[in-house]
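Understanding the architecture of this molecule
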Amino acid sequence: MSLFRHIRKLNALQNVRQLSSAGLKSSTLQYATDPQPQFTDAETQQLLQSMTQLQLDKVFRKRTVPDNSVHTQFMTTAQLEKEFLLTIEKAQQLLQMPPVVKIKEDTERIISKDPALKDFATTKYVFTDITFGLPQSERKVVVRDVDGTLSYATLDITKRMNQLYFPLDGRKFYTPRMFSDEQLFQRCLDEHKYEFILDRLTVQYEPYEAEFHNISAKVFEHLNESKQFDQLRSTRHFGPMAFFYAWHRCIDDLLYDMIRRDYLLNAVQLIALSYKIHKVPLDYQATLRQLEELQPSPAVKALAELRSGLRQHQAKGIENEIQTAIGKTETDFQADEISLRFIEQYIGSEHALKKVQLELAVQTLKELNLEKQQLYEGLKKAHGVQQQAS
């Protein structure tokens, strides 16, 4: 009876593999050259990390996991400050971006040909280095063919052997139906389950596999159509998405979303990333330096948000209360002015594709900022803040 069950299991597995062999239709946009040098560049990483933002409520939101418990502990102020720093560090680790690399092609790498071993067996032999603690990328897997040829294993065999001896939690030996079934995959896209798809993708495939490139590109293309960019903000997939749009010269929809949400620093960084990738002869670094001096980094901003809950920080002056009510400070207004000039310069250039849409978004934000600034100055004058400062 167990033999029949085993046969049925093998048949089912074979059907799944046959279904997955068809795969999804190829994406429209693909990386023509190796994107890794640009993606791993220190300046690019800094821009992408800043654009991703560090919204702690979203990073540490409750998920459907086996252990979702809450731990309560009494701490001193010093202990709490240390815990804040550890929280920021943990959040940055959770936002570590999957690498963007080129598709690795299979090449035949023969080690030796031994005709004396021809027909030594009717099947191939696979030899795997199972040294403990060795990274999977450095683990050697070789195959002895029936004709006596000894060669390095293909990428697919290497991946399967690594999964056999050192299984990665969540990775399957077969292609999950959500990736092999076109209708099911489209349903996930239509329901805007972008983070779920990309999380599952990073578990099932390696970044250098063609399936990884194809599926991630289809997700980013669908996102560009649905305009649901905020779903990936403060996740590890926002950076690769922004890089994908900048690489393929289609940043305008994401740029519009950033302007509409008043993320002007991120909008400047997105334009700067596009200029950097395509080597546009424009000095964007001067603008970035000005903005970095006026606005804190995402980590500093998140740390200030955590500290704001402490009792010793609750006694705020009238100026801080005005800033909290308005949502901006004087330096924020200065940074907005610098950012808007840079964005308008991009809109007026040949690189912008949706000029009218972006111009309307900038004009709307300008009017809102003007109202906020007038209200801010009026409240400061009414409470005598300027006289106290002088």
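Refer to the preceding data block for the structure.
A brief report on the enclosed structure follows. (Residues numbered from 1 in each chain as written. Predicted model: local features only at pLDDT ≥ 70, side-chain atom pairs only at ≥ 80, totals over all residues. Heavy atoms only, no water.)

1. Comments concerning the nonpolar core
One recurring pattern in soluble globular proteins: nonpolar side chains tend to sit buried together. By size, the foremost hydrophobic cluster in this structure holds 66 residues, and its most contacted members are Y245 and I259. Once you skip the residues sitting within four places of it in the chain, Y245 turns out to touch F220, L223, N224, F229, C250, I251 and L254. Formed by 10 residues, the second largest nonpolar core is a distinct cluster that contains L54, L56, I88 and L310. (Core = buried A, V, L, I, M, F, W, Y, C linked by side-chain atoms within 4.5 Å. Buried < 20%, exposed > 50% of the residue type's maximum accessible area, 1.4 Å probe, protein only. Contact = heavy atoms within 4.5 Å.)

2. Quick notes on the pairing of strand 3 (residues 141–144)
Side chains of strand 3 alternate between two faces, with V141 and V143 and V142 and R144 buried alike. Of the pairings in the sheet, the one linking strand 2 (residues 125–128) to strand 3 comprises 4 bridges and is antiparallel in character. Bridge assignment links F127 to a residue of strand 3, and that residue is V142. Pairing geometry for strand 3 and strand 4 (residues 149–152), over 3 bridges, is antiparallel. Within strand 4, the position partnered with R144 by the bridge is L150. Two successive antiparallel strands, strand 3 and strand 4, enclose a turn made up of 4 residues, where G148 displays a positive phi of approximately 95 degrees. (Helix = DSSP H or I, 4+ residues; strand = E, 2+ residues; numbered from the N terminus. Pairing = 2+ DSSP bridges.)

3. A closer look at the packing of helix 14 (residues 285–294) against helix 17 (residues 330–347)
Remark: helix 14 packs on helix 17, axes separated minimally by 9 Å, with the N-to-C direction vectors making an angle of 165 degrees. In terms of orientation, helix 14 lies roughly antiparallel with respect to helix 17. When you trace helix 14 past helix 17, the crossing you get is left-handed. In this structure, helix 14 contributes T287, Q290, L291 and L294 to the contact, and helix 17 contributes T331, Q334, A335, I338, S339 and F342. A breakdown of the residues in the contact of helix 14 with helix 17 according to their chemical character gives 5 nonpolar, 5 polar and no charged. (Axes fitted to C-alpha atoms, helices over the stretch in contact; angles between N-to-C directions. Parallel < 35°, antiparallel > 145°, perpendicular 65-115°, else oblique. Left-handed = near helix turned anticlockwise from the far one by under 90°. Nonpolar A, V, L, I, M, F, W, Y, C, P; charged D, E, K, R; others polar.)

4. A short note on the packing of helix 3 (residues 42–52) against helix 13 (residues 264–277)
In a packed pair of helices, the relevant descriptors are the angle between the two axes and the axis-to-axis distance. Remark: helix 3 packs on helix 13, axes separated minimally by 9 Å, with the N-to-C direction vectors making an angle of 150 degrees. Classified by the interaxial angle, the pair formed by helix 3 and helix 13 is roughly antiparallel. Handedness of the crossing formed by helix 3 with helix 13: left-handed. Here helix 3 contributes E43, T44, L47, L48, S50 and M51 to the contact with helix 13, which in turn contributes L265, N266, Q269, L270, L273 and K276. Taken together, the residues of the contact of helix 3 with helix 13 break down into 6 nonpolar, 4 polar and 2 charged.

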